[in-house]
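Coordinate inspection notes
This is what each chain is made of:
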Amino acid sequence: MAAPPKPSGAPAAKVTPAAAPIDEAAVRAVDRVLAALRRGEVVAIETADGTVGAAVSVESVTLDAVERLKALTGGTPRLAVTRRRAVVLGLAAADAARPVSDIADDQAPGAAAEAFGAMTLDRPGGLTADQSHALADPEQHPQAQDALPAGLSASEACPGSREAAAVDLARLARLLPAAITADLPSSPAISAMEWAAKHDLLLVRASDVADYRVHVVRTLRRVADARVPLVGSENTRIYAFRPADGGPEHLAIVIGDPDPKQPVLARLHSECFTGDLLGSLRCDCGDQLRGAIAEIARQGSGVLLYLAQEGRGIGLVNKLRAYRIQDRGFDTVDANEILGFEADERVYLPAAEMLRQLGFEAVRLMTNNPEKLRQLARCGIAVVERVAHIFPANGHNEAYLRTKAERSGHMF
Ligand SMILES: Nc1nc2c(ncn2[C@@H]2O[C@H](COP(=O)(O)OP(=O)(O)OP(=O)(O)O)[C@@H](O)[C@H]2O)c(=O)[nH]1
Ligand SMILES: [Zn+2]
């Protein structure tokens, strides 16, 4: 079996779960705001300097929402997008964005916002709802970069800023990663909390948004398990692990009785509703899922982690948007980036945490993806061997598999 490729560059820094206790109130505040943004509501964001402003996701922005932002704050509406989207619009340099997978390296809470990188787009008099849609939504205006509004300017949205927090909230809410924000021109005589309460807005601190992802991915609680005989693998138990934010559970499918003292045969499988459940021919996930269960059973024992990271972490709705962009001739990497996402937004701390809680410290990893090998090792799990996990193309997924090989380094 192939030995894992040596990770390129500096030796991987090990990441161990943060000792920092979870700030329950902060997680709760972020959760509430995520739900409000998904409902299309305006929310309030306070920054470390105590100033407060309002934001609404670009998916929900309407003429009324922009008028409400103006009326509430007295400020002019600006658009906050990811650096990746700004690059697509020709408004930022590509080399400045840090790959998302570096998040796991950074012990400092708040790394998430910095790793993603956000930009503020503005013009004299502010941006209208239509202009914001056209700039942020590739469906609205496929060639937005050719028709930028006059007077448009782009500036760095520093980590901890309202704009960086608004973009990260949209991303966490699995919406298009962009938001309209507006600041109060001067600090109100009342506190941010009083201002938000006065206008019946849910309030969140930008610092809590930055810390949220780092905290939540690190705290999983095993909540249930059951014996579930599978076709071809009757000695199987499924364990469910719930993250601190109460979000979707990740699952561990333990086949046979793997010995924790030996490197366990393991598959990290990211959820793919279309491939895993519907038998989509656009990817190889369904084959990889069923193939992993069969191979682990054939070898006697092992574990398949089924990770709630649909669409390489961008969610099913955004993956469908990415498919529509691919139908216009772009590949799976470009499609993510045109939406404003990184090519791959997954983090592997949940997988490492589940393996540790199940007693496994070393794995023989079934994957073709060098990034998975690298990231799992960085999260403190010893990857002693790579086990190739290749399935034949099916007449529909050649381009997808070719892109993964040519642009994401997959070893086929
Ligand atoms: N954004 C996006 N996600 C996709 C696309 N096709 C498949 N996916 C997602 O990609 C992920 C595939 O994950 P895996 O098969 O576990 O891993 P991998 O990165 O392909 O590497 P392997 O371990 O070698 O399989 C799933 O979350 C799918 O939903 C696509 O075109 N766009
Ligand atoms: Zn898939």
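Residues numbered from 1 in each chain as written. Chains lettered and ligands numbered in written order. Predicted model: local features only at pLDDT ≥ 70, side-chain atom pairs only at ≥ 80, totals over all residues. Heavy atoms only, no water.

Some details on the packing of aromatic side chains
- By the definition in use, this model includes 0 aromatic pairs.
- Over the ring of Tyr323 we find Arg282; its NZ or CZ atom is 4.1 Å from the centre of that ring. (Phe/Tyr/Trp six-rings, centres within 6.5 Å; stacked < 30°, edge-to-face > 60°. Lys NZ or Arg CZ within 6 Å of the ring centre and 35° of its normal.)

Notes on the UniProt feature "binding site: GTP" (unreviewed entry) in the chain
- Here the UniProt-annotated "binding site: GTP" (unreviewed entry) positions come out as Arg267, Leu268, His269, Ser270, Glu271, Gln288, Glu310, Gly311, Arg312, Thr332, Thr367 and Lys372.
- Tracing the backbone through its elements, the reader meets His269 in strand β11 (residues 264-270).
- Every residue in contact with His269, bar those within four places of it in the chain, is listed here: Asp276, Cys285, Gln288, Leu289, Leu304, Leu305, Tyr306 and Leu307.
- Polar contacts involving the side chain of His269 include one to the side chain of Asp276, which spans 2.9 Å.
- Mapping Ser270 onto the fold places it in strand β11.
- When neighbours within four sequence positions are excluded, Ser270 is seen to be in contact with Asp276, Leu307, Gln309 and Arg346. (UniProt positions renumbered as here; feature names shortened; annotations may be inferred. Helix = DSSP H or I, 4+ residues; strand = E, 2+ residues; numbered from the N terminus. Contact = heavy atoms within 4.5 Å. Polar contact = N/O pair within 3.5 Å; in protein donor to acceptor, adjacent residues only side chain to side chain.)

Focus: helix α6 (residues 162-172)
- Here α6 lies mainly inside the structure; 11 of its 11 residues are buried.
- Buried residues of α6: Arg162, Glu163, Ala164, Ala165, Ala166, Val167, Asp168, Leu169, Ala170, Arg171 and Leu172, and no others.
- Note on α6: the residue one or two positions beyond its end, Arg174, has a positive phi of about 55°. (Buried < 20%, exposed > 50% of the residue type's maximum accessible area, 1.4 Å probe, protein only.)

Some details on the sheet that holds strand β4 (residues 118-122)
- Judged by pairing direction, the sheet is mixed, and its 7 strands sit side by side in the order β5-β4-β3-β6-β2-β1-β7 without closing on themselves. Edge positions in the sheet fall to β5 (153-157) and β7 (203-205), since each has one partner strand and no second. Neighbour to neighbour, the strand axes of the sheet diverge by 35° on average, direction disregarded.
- For strand β1 (residues 43-46) and strand β2 (residues 52-57), the ladder comprises 4 bridges, and the chain directions are antiparallel. Residue pairing across strands places Ala44 opposite Ala54, the latter belonging to β2. (Pairing = 2+ DSSP bridges. Axes fitted to C-alpha atoms, helices over the stretch in contact; angles between N-to-C directions.)

With respect to the site of ligand 1
- By nearness alone, 26 residues border ligand 1, and Arg267, Arg346, Thr367, Lys372 and Lys404 come closest of all.
- At a separation of 2.9 Å, an oxygen atom of ligand 1 approaches a polar backbone atom of Ser270.
- One nitrogen or oxygen atom from the main chain of Glu271 is found 3.0 Å from an oxygen atom belonging to ligand 1.
- Summarising the interface, the protein chains cover 99% of the accessible area of ligand 1, which totals 650 Å² for the free molecule. (Near = heavy atom within 4 Å. Areas by Shrake-Rupley, 256 points an atom, 1.4 Å probe, with all protein chains shown as cover.)

Thoughts on the sheet that holds strand β8 (residues 220-227)
- Strand order in the open sheet made by the 7 strands is β8-β9-β10-β12-β11-β13-β14, with mixed pairing throughout. Strands with a single pairing partner mark the edges of an open sheet, and in this sheet they are β8 and β14 (382-387). With strand direction ignored, the average angle separating the axes of adjacent strands in the sheet is 25°.
- Examined bridge by bridge, β11 and strand β12 (residues 302-307) share 5 bridges and lie parallel to one another.

Let's talk about unusual backbone geometry
- If you check the backbone angles, Arg174 has positive phi at about 55° while not being a glycine.
- Following the sequence through the fold, Arg174 ends up in the loop between α6 and β6 (178-183).
- Although it is not a glycine, Asp200 adopts a positive phi angle of roughly 55°.
- Tracing the chain through its elements places Asp200 in the loop between α7 (192-198) and β7.

Focus: the coordination of the zinc ion (ligand 2)
- Bound to the zinc ion (ligand 2) on the protein side are Cys272 (SG), Cys283 (SG) and Cys285 (SG), at distances that span 2.2 Å.
- Each donor residue of the zinc ion (ligand 2) lies on one chain, and together they are spaced C-x10-C-x1-C. Judged on exposure class, the residue Cys283 and its partner Cys285 are both buried. (Donors = N, O, S within 2.8 Å, 3.2 Å for Na, K, Ca; no water.)

Concerning the pattern of salt bridges
- Scanning the model with the defined rule gives 27 salt bridges in all.
- One salt bridge connects Arg321 with Glu59, and the closest N-O pair in it is separated by 2.9 Å. With Arg321 in helix α11 (residues 316-326) and Glu59 in the loop between β2 and α2 (63-73), the pair connects residues that are 262 residues apart, well separated along the chain.
- Relative accessible area serves as the criterion here: at 17%, Arg321 is assigned to the buried category.
- On the basis of relative accessible area, Glu59 is assigned to the partly exposed category, the value being 30%.
- Taking the shortest distance from any N to any O, the salt bridge between Arg78 and Glu163 comes out at 3.1 Å. Here Glu163 lies in helix α6 and Arg78 lies in strand β3 (residues 78-82), a separation of 85 residues in the sequence. (Salt bridge = Lys/Arg side-chain N within 4 Å of Asp/Glu carboxyl O.)

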